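Residue-level structure breakdown
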Amino acid sequence: MVSAISGSSSATQYSSSSSSSNAAQEAALEKQIQDLEDQAKAITDEVKAAQVRQDIAVAQAKLDALRAADADKAAKAAQSQSTPSAAAVRQAEFDGEKTTQSNEFWM
């Protein structure tokens, strides 16, 4: 009878030991799963952030191109306004007005 008690006690102890081992493994696996899910979310966030950074770069390039085109147009407009056209110079000379360009010939 003593052997039966010690045998059942050992089975209970094994079962208890096995349960705590399983619980520890389950907890470790649950933590690993949570860590992997967090890592997957971080990777997804990094991918989304990279896509947003790429969209920002494209928008910035478009903005820079528009600003350069506006600056070019402004420079051309300023140049055309500061330099009178040849027709305007000829008309002013014909009208007898003094022009900034001297195309007069003296004989």
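Residues numbered from 1 in each chain as written. Predicted model: local features only at pLDDT ≥ 70, side-chain atom pairs only at ≥ 80, totals over all residues. Heavy atoms only, no water.

Notes on the overall build of the chain
Rule in force here: Labels follow the DSSP assignment, with helices taken as runs of H or I lasting at least four residues and strands as runs of E lasting at least two, numbered in each case from the N terminus. Exposed residues in this analysis have more than 50% of their type's maximum accessible area, buried residues have under 20%, and partly exposed residues fall in between, with area computed by a 1.4 Å probe over protein chains only. In this description, accessible areas are obtained by the Shrake-Rupley approach with a 1.4 Å probe, and a residue is regarded as covered only by the protein chains that are shown.
Regarding its fold elements, the chain presents two helices and zero strands. Every one of the 107 residues in the chain was classed for burial, and the buried ones make up 2%. When the accessible area of the chain is evaluated, it comes to approximately 9500 Å², of which 59% is carbon and sulfur surface.

Side note on the pattern of salt bridges
Heads up, the rule is: What makes a salt bridge here is a side-chain nitrogen of Lys or Arg within 4 Å of a carboxyl oxygen of Asp or Glu, nothing more.
Inspection of the entire model under this criterion finds three salt bridges. Residues lysine 31 and aspartate 35 are paired through a salt bridge, measuring 3.0 Å at the closest nitrogen-oxygen approach. Taken together, the positions of lysine 31 and aspartate 35, both in helix 1 (residues 2–82) and four residues apart, correspond to about one turn of that helix. A relative accessible area of 52% places lysine 31 in the exposed class. A salt bridge links aspartate 45 to lysine 41; the shortest N-O distance between them is 3.1 Å.

A look at the confidence of the model for the chain
Our working definition: Values of pLDDT, the confidence the predictor places in each residue, fall between 0 and 100. Contacts: residue pairs with any heavy atoms within 4.5 Å of one another.
Averaged over every residue, the pLDDT of the chain is 77; residues scoring 70 or more account for 68%. Low confidence marks residues 1–12, where pLDDT is under 50. Its contacts with residues over four positions away, or in another chain, come to zero contacts.

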